[in-house]
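An overview of the molecular structure
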Amino acid sequence: MLSIITITYQAEAYIERTLQSLAGQGHREEIEYIVIDGGSKDGTLGILNQSPIKIDQLISEKDQGIYDAMNKGLALASGDYVLFMNSGDELYAPDTVKNVFSTAPNADIYYGETEMFNEAWQSIGKRRHSVPEKFTWQSFRFGMTISHQAIYIRRTLTEPYDRQYELSADIDWILTAAKKAKTSVKVSGYVAKYLVGGMSKKRHQQILKERVAIFTKHYGLLPNLFNHLFIAAKLGFYYIKMGQTND
């Protein structure tokens, strides 16, 4: 059983895309779908109430931020694995979930590539960081190589998101689970479509500060300072070559 959790707030422009994506998956009986809404006042709830996929649990109430909402969803999840899909994001293809779990049996973590899209839903290519061939907790030391929407984690390995990080707690959450994982499996090709934007663009400086703190926590201060020199150089080269960062 896979628990897919979506966090929404004022998402009427995007949520239908995510719902249609999930509704198209095979083996629907093996997917538990949970939506945590922050008390939307637009048409989000109306769209959710007419969802093409059965929503097993829907909560709409004011929360204390995105990771408070994610913790609510995680607490409700009963699946063997958990996956977070943001409003506007999609599973890559109708057989994505099937392909993920048919790659190898009983891994602690499954992961794959992410294709990025702008608000006009035009592809801007894959993320700048390619996923590693073998993912461990050390794999993020030069940047977040797997997006949140493209990693399936055994639920018993997860812990609540640390809410001291307002915008980057997903990195800490993945690394904390990865330290416990014994097996990880790379899935061939793309597994998710990611809508670029949101807080990651509006509060970029805060995100950078939080990421430095998280990487220092997991890798140590001096190694993290050295790693960030490498990250900055690689980012600069990529931007000169491509004209965009694709984070």
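Use the structure listed above.
What counts as what
Residues numbered from 1 in each chain as written. Predicted model: local features only at pLDDT ≥ 70, side-chain atom pairs only at ≥ 80, totals over all residues. Heavy atoms only, no water. Helix = DSSP H or I, 4+ residues; strand = E, 2+ residues; numbered from the N terminus. Buried < 20%, exposed > 50% of the residue type's maximum accessible area, 1.4 Å probe, protein only. Polar contact = N/O pair within 3.5 Å; in protein donor to acceptor, adjacent residues only side chain to side chain. Contact = heavy atoms within 4.5 Å. Core = buried A, V, L, I, M, F, W, Y, C linked by side-chain atoms within 4.5 Å. Phe/Tyr/Trp six-rings, centres within 6.5 Å; stacked < 30°, edge-to-face > 60°. Lys NZ or Arg CZ within 6 Å of the ring centre and 35° of its normal. Patch = residues over 30% accessible without salt bridge, like charges linked within 9 Å, V, L, I, M, F, W, Y side chains within 5 Å. Areas by Shrake-Rupley, 256 points an atom, 1.4 Å probe, with all protein chains shown as cover. Salt bridge = Lys/Arg side-chain N within 4 Å of Asp/Glu carboxyl O. Axes fitted to C-alpha atoms, helices over the stretch in contact; angles between N-to-C directions. Parallel < 35°, antiparallel > 145°, perpendicular 65-115°, else oblique. Left-handed = near helix turned anticlockwise from the far one by under 90°. Nonpolar A, V, L, I, M, F, W, Y, C, P; charged D, E, K, R; others polar.

We now examine unusual backbone geometry. Here the phi dihedral of Q10 falls at roughly 50 degrees; this positive angle occurs in a residue that is not glycine. Take Q10: it is sitting in the loop between strand 1 (2-8) and helix 1 (15-23). Its identity as a non-glycine residue notwithstanding, N106 has a phi of 60 degrees, on the positive side. Along the polypeptide, N106 turns up in the loop between helix 4 (96-102) and strand 6 (109-117). With relative accessibility at 64%, the residue N106 sits in the exposed group.

The next point concerns the side chain of S184. On the secondary structure map, S184 appears in strand 9 (residues 184-195). One polar contact links the side chain of S184 to the main-chain carbonyl oxygen of F135, over a distance of 2.8 Å. When residues no more than four places from it in sequence are discounted, the contact partners of S184 are I109, Y111, K134 and F135.

On to the nonpolar core. Counting 59 residues, the largest nonpolar core has I4, F135 and F140 as its most contacted members. By residue number, the principal contributor to this core is helix 5 (residues 169-180), which donates seven residues. Among all residues touching F135, those that are not within four sequence positions of it are I109, Y111, F140, I146, I151, I174, A178 and S184.

Time to look at helix 3 (residues 66-76). Burial of helix 3 is extensive: eight of the eleven residues sit out of reach of the surface. All buried positions along helix 3 are accounted for by Y67, D68, A69, M70, N71, K72, G73 and L74. Buried residues along helix 3 sit in contact with strand 1, strand 2 (31-37), strand 4 (81-84) and helix 5.

The subject of this paragraph is the packing of aromatic side chains. In the structure shown here, the tally under the stated rule is 14 aromatic pairs. Note on Y92 and Y190: the rings are 5.0 Å apart at their centroids and 25 degrees apart in plane angle, and the pair reads as stacked. Of this pair, Y92 sits in the loop between strand 5 (90-91) and helix 4 while Y190 sits in strand 9, and the two are 98 residues apart along the sequence. A relative accessible area of 31% places Y190 in the partly exposed class. Site record: aromatic cluster; members linked through ring pairs are Y67, F84, Y161 and W173. Just above the ring of W121 sits the side chain of R17; from NZ or CZ to the centre is 3.9 Å. Across the ring face of Y92, the terminal group of K193 is positioned such that the distance to the ring centre comes to 5.2 Å.

Moving on: a nonpolar patch on the surface. Taken together, the side chains of L221, L222 and L225 make up a nonpolar region of the molecular surface, amounting to roughly 330 Å² of accessible area. Note that L221 resides in helix 8 (residues 221-242). For L221, a relative accessible area of 52% puts it in the exposed group.

On to the side chain of E113. Of note, E113 is situated in strand 6. Here V131 takes part through its backbone nitrogen, which lies 3.4 Å from a polar atom of the side chain of E113. With sequence-adjacent residues up to four places away left out, E113 is seen in contact with K126, H129, S130, V131, A150, G189, Y190, V191 and A192.

This part is about the pattern of salt bridges. Within this structure, the stated rule accounts for ten salt bridges. A salt bridge links D68 to R163; the shortest N-O distance between them is 3.9 Å. In this pair, D68 is assigned in helix 3 and R163 in the loop between strand 8 (151-154) and helix 5, connecting sequence segments 95 residues apart. One network of salt bridges, with partners in common, ties together R17, E90 and K193.

Packing of helix 5 against helix 7 (residues 204-219) leaves a shortest axis separation of 10 Å and a crossing angle of 15 degrees. Between helix 5 and helix 7, the crossing angle belongs to the class labelled roughly parallel. Like other packed secondary-structure pairs, helix 5 and helix 7 cross with a definite hand, here right-handed. In this structure, helix 5 contributes I171, D172, L175, T176 and K179 to the contact, and helix 7 contributes R211, I214, F215, K217, H218 and Y219. Classifying every residue of the contact of helix 5 with helix 7 gives five nonpolar, two polar and four charged.

Function cannot be inferred from these measures alone, as they are strictly geometric.
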